[in-house]
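# Chain and residue survey
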Amino acid sequence: MGDEALFRAGEVVLLVDLRRGKRHLLTLRLGQAFHSDRGFIPHDALVGHPEGMVAVTTRGARYLALRPTLAEYVLEMPRGAQIIYPKDLATIALFADVGPGETVVEAGLGSGALTLVLLRLVGPTGRVVAYETREEFARRAQRNIEARLGPGVPLTVRAQDVYLGIEEREVDRVVLDLPEPWRLVAAAAGALRAGGVFCAYVPTIPQSQRVHEALAAHPAFALAETFETLLRPWNIAGPSVRPAHRMVAHTGFLTLARRVQPDADGRAEPVLLDASGEDADPTAGAGPEVA
């Protein structure tokens, strides 16, 4: 087993209570200990041991020790603003098609959940520019990001109101998590390169409708679509197979569009999409054609 598989002082570890299922995120520091109502575990008992070990507290409770996945880290990390849930982060990653080497403009920074995903996707050759006016949110988000990805990530934080404009040009993606993204449709058109992706995340359908209408009215955007992602877990225990009593249902709506070139009249060619993203036939269900 290589040394890279062993826990090191300074890294973040996830402890999972094997009886209760409760999860705890902690940074390993020599000489310190994890405390709960079920006893304590010295950090020294984890450092130098392999991931996947079971640590036992002074009261006999058993905890599984793992390096957290990004989804686990996002759910357990310190937060001030409400985070975007992993199911939506995963959907944004795929549908906004964020990849290595790209430049992404984000607003707002919040607790840093979306920023973490964007930074990992663009990699060391890419760049994320985050607009955030609330200093306390920016500080917390940067601490969360550094704890997970380390220092020196390609992140620029702009402490300015994004509604006043986006400074960057020829960026690959604009991803917005703020109350009124429709106010930034024109600014996003000026910032995005041809073919770039606009993505807005909002909690209510009236907000989504305003974003969608603003995109449809702008000559530089096409293929606008709005949808939500639902996640339903299942309990599987022998012959008992059923949906879980609780699920992460509605959390937010995503609206996406592509930056295009207007035609000679300054208009984008509209394309209708159904809920699956397939081209929709506007005449379907309209009845027979009348001569």
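These lines cover the structure that appears in this document, whether it is placed above or below. If you're wondering where the values come from, they're calculated on a predicted model, not measured in any experiment. (Residues numbered from 1 in each chain as written. Predicted model: local features only at pLDDT ≥ 70, side-chain atom pairs only at ≥ 80, totals over all residues. Heavy atoms only, no water.)

## Quick notes on the packing of helix H3 (residues 113–122) against helix H4 (residues 135–149)
The N-to-C vectors of H3 and H4 enclose an angle of 40°; their axes lie 10 Å apart at closest approach. With respect to each other, H3 and H4 are oriented oblique. The handedness of the crossing between H3 and H4 comes out as right-handed. Of the residues in H4, those touching H3 at Thr115, Leu116, Leu119 and Arg120 are Asn144, Ile145, Arg148 and Leu149. Tallied by class, the residues present in the contact of H3 with H4 amount to 4 nonpolar, 2 polar and 2 charged. (Axes fitted to C-alpha atoms, helices over the stretch in contact; angles between N-to-C directions. Helix = DSSP H or I, 4+ residues; strand = E, 2+ residues; numbered from the N terminus. Parallel < 35°, antiparallel > 145°, perpendicular 65-115°, else oblique. Left-handed = near helix turned anticlockwise from the far one by under 90°. Contact = heavy atoms within 4.5 Å. Nonpolar A, V, L, I, M, F, W, Y, C, P; charged D, E, K, R; others polar.)

## Focus on the sheet that holds strand E7 (residues 103–107)
Strand order across the open sheet formed by 7 strands is E9-E8-E7-E10-E11-E15-E12, with mixed pairing between neighbours. The outermost strands of the open sheet, each flanked by one partner alone, are strand E9 (155–158) and strand E12 (221–227). Within this sheet the neighbouring strands show an average axis-to-axis angle of 15°, counted without direction. As paired strands, E7 and strand E8 (residues 127–131) are joined by 5 bridges and run parallel to one another. Bridged to Thr103 within E8 is Arg127. (Pairing = 2+ DSSP bridges.)

## What about H4?
Across its 15 residues, H4 extends 21 Å between first and last C-alpha, which sits within 8% of the 21 Å expected from 1.5 Å per residue. Within the span of H4, buried status applies to Phe137, Ala138, Ala141, Asn144 and Ile145. Projected down its long axis, H4 shows its buried positions confined to an angular sector of 130°, all on one face. In H4, the exposed residues that point more than 90 degrees away from the buried face are Glu135 and Arg143. After H4 finishes, the residue Gly150 shows a positive phi value of roughly 85°. (Expected span 1.5 Å × (residues − 1). Buried < 20%, exposed > 50% of the residue type's maximum accessible area, 1.4 Å probe, protein only. Arc of directions from axis to C-beta.)

## Quick look at the environment of Asp177
By secondary structure assignment, the location of Asp177 is in the loop between strand E10 (171–176) and helix H5 (185–191). Between the C-alpha atom of Asp177 and that of Cys199, which follows or precedes it by 22 residues, the distance is 8.8 Å. Ignoring any residue separated from it by four or fewer positions in sequence, one finds Asp177 in contact with Ile84, Ala107, Gly108 and Tyr201.

## Examining the packing of aromatic side chains
If you walk through the whole model with that rule in mind, you get 3 aromatic pairs. Note on Phe34 and Tyr63: the rings are 5.4 Å apart at their centroids and 75° apart in plane angle, and the pair reads as edge-to-face. A residue pair is termed long-range when its members are at least 10 positions apart, and Phe34 in strand E3 (residues 33–36) and Tyr63 in strand E6 (residues 62–66) qualify at 29 residues. Grouping residues by exposure puts Phe34 and Tyr63 together as buried. (Phe/Tyr/Trp six-rings, centres within 6.5 Å; stacked < 30°, edge-to-face > 60°.)

## Some details on the sheet that holds strand E2 (residues 23–27)
Pairing is antiparallel across the open sheet formed by 4 strands, whose spatial order is E2-E1-E6-E5. The open sheet has two free edges, formed respectively by E2 and strand E5 (54–56), since each of these has just one partner strand. Shown here is a sheet whose adjacent strand axes are inclined to one another by a mean of 35°, direction ignored. Pairing of strand E1 (residues 12–17) with E6 involves 4 bridges; the strand directions are antiparallel. From the neighbouring strand, Leu15 faces E6, where its bridge partner is Ala65.

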